[in-house]
Amino acid sequence: MSKKINVLVWNEYADDQKNPAVANVYPKGMHITIADFLNNNPDIQAKTAVLADEEQGLSDAVLDNTDVLIWWGHIAHDKVEDKTVKRIIDRVQRGMGSIFLHSAHKSKPFMALMGTSGHLCWREAAEKERIWITSPAHPIAEGIPEQFVLEHEEMYGEPFGIPQPLQTVFIGWFQGGNVFRSGVTFQREYGRIFYFQPGHETFPIYHNEIIQKIIVNAVKWAKPIVKVNSLDCPNVPPLENL
């Protein structure tokens with residue numbers, strides 16, 4: 001029997017996510033919604049953590065037992081402590097996968113891993129988004145229609161302040177005319193990273209079966225190929241006679 005992929009769904013779960021406009025969509029919190037559909041997959045075991053937890057829910061022990069970290073944040077990016085970020089970056093570089101959702105483009109861990117600003121333009125007008133697959137052979141796109149529509153979503157638009165992705169898996173077109181690289185992948189040393197744009201908190205994005213399938217696919221893609229214990233610079237003996 002193969003080992004399940006251990007996923008940690010982290011959500012800042014700040015006060016704005018508890019107001020009626022959000023709570024009506026995600027009564028238990030979107031982190032619970034995401035963990036619930038992940039746990040419906042027999043290959044995945046998902047747990048949750050929030051900013052208010054001890055050590056912000058991201059202790060060394062927790063991260064050491066995490067294969068893939070899923071991150072959603074919005075208004076509390078500045079409250080994530082630098083020591084927490086350092087622990088995350090270390091685990092990603094040593095092989096932990098990570099998935100950054102929606103406004104996590106401005107989270108400290110994502111910007112640290114990218115080395116860029118995460119800049120974009122945005123508009124909150126409940127407009128339609130049509131998402132197209134641009135890399136149909138990528139594992140994250142497996143079983144996904146070539147294009148699909150989200151009836152209401154917050155607009156994110158180019159230019160997007162990220163380094164050149166390994167692959168752009170999805171691109172989104174918005175009713176107001178903007179386009180955005182909605183699903184992009186990166187590699188940082190041993191760790192795989194996926195950024196996925198849909199997920200504004202007042203719309204039922206994570207109840208959408210296509211979105212759920214994409215996130216499940218992303219977890220399976222991002223799981224560690226190999227994890228290493230350290231990234232030290234060892235002094236090694238020669239393999240041949242000197």
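Draft legend 1. How the structure looks around helix 4 (residues 82-93). Relative to the 16 Å expected for 12 residues at 1.5 Å per residue, helix 4 spans 16 Å between its end C-alpha atoms, a close match to the ideal helical length. Among all positions in helix 4, only T84, V85, R87, I88, I89, R91 and V92 are buried. Buried-residue contacts for helix 4 involve helix 3 (60-64), strand 3 (68-72), strand 4 (97-101), helix 5 (108-114), strand 8 (179-188) and strand 9 (191-196). The first or second residue beyond helix 4 is G95, which carries a positive phi of 130°.

Draft legend 2. Representation of unusual backbone geometry. Backbone torsion omega between E158 and P159 reads 5°, so that peptide bond is classified as cis. Backbone geometry at Y13 places phi at a positive 50°, although glycine is not the residue there. With respect to the secondary-structure elements, Y13 resides in the loop between strand 1 (5-11) and helix 1 (20-23). A positive phi angle is found at E189, which is not glycine, with a value near 55°. In this structure, E189 sits in the loop between strand 8 and strand 9. The class for E189 is partly exposed, based on a relative accessible area of 49%.

Draft legend 3. Geometry of the packing of aromatic side chains. Summed over all chains, the structure comprises 10 aromatic pairs. Here the aromatic rings of W10 and W71 are separated by 3.8 Å at their centres, their planes lie at 20°, and the arrangement is stacked. With W10 in strand 1 and W71 in strand 3, the pair connects residues that are 61 residues apart, well separated along the chain. With respect to class, W10 is no different from W71; both count as buried. Counting every residue linked through ring pairs, the aromatic cluster contains F100, F110, Y156, F160, F180, F186 and Y195.

Draft legend 4. Structural context of the pairing of strand 3. Burial runs high along strand 3: five of the five residues are buried. Neither face of strand 3 is left uncovered, since the one carrying V68, I70 and W72 and the one carrying L69 and W71 both have all their residues buried. The pairing of strand 1 with strand 3 spans five bridges and is parallel. When the sheet's bridge partners are listed, W10 is paired in strand 3 with W71. Handedness of the strand 3-helix 4-strand 4 crossover: right-handed.

Draft legend 5. Main features of the pairing of strand 4. Most of strand 4 sits inside the fold, with five of its five residues counted as buried. Side chains G97, I99 and L101 project from strand 4 onto one buried face, and the interleaved S98 and F100 project onto a second face that is buried too. Relative to strand 4, strand 3 runs parallel, the two being bridged by five bridges. Bridged to W71 within strand 4 is F100. Relative to strand 9, strand 4 runs parallel, the two sharing four bridges.

Draft legend 6. Geometry of the confidence of the model for the chain. Averaged over all residues, the pLDDT of the chain equals 96, while 99% of them reach at least 70. Within the chain, the element-level pLDDT minimum falls on helix 1, averaging 90, and the maximum on strand 9, averaging 99.

What counts as what
Residues numbered from 1 in each chain as written. Predicted model: local features only at pLDDT ≥ 70, side-chain atom pairs only at ≥ 80, totals over all residues. Heavy atoms only, no water. Helix = DSSP H or I, 4+ residues; strand = E, 2+ residues; numbered from the N terminus. Expected span 1.5 Å × (residues − 1). Buried < 20%, exposed > 50% of the residue type's maximum accessible area, 1.4 Å probe, protein only. Contact = heavy atoms within 4.5 Å. Phe/Tyr/Trp six-rings, centres within 6.5 Å; stacked < 30°, edge-to-face > 60°. Pairing = 2+ DSSP bridges. Right-handed = clockwise from strand over helix to strand, strands pointing away. pLDDT = per-residue confidence, 0-100.

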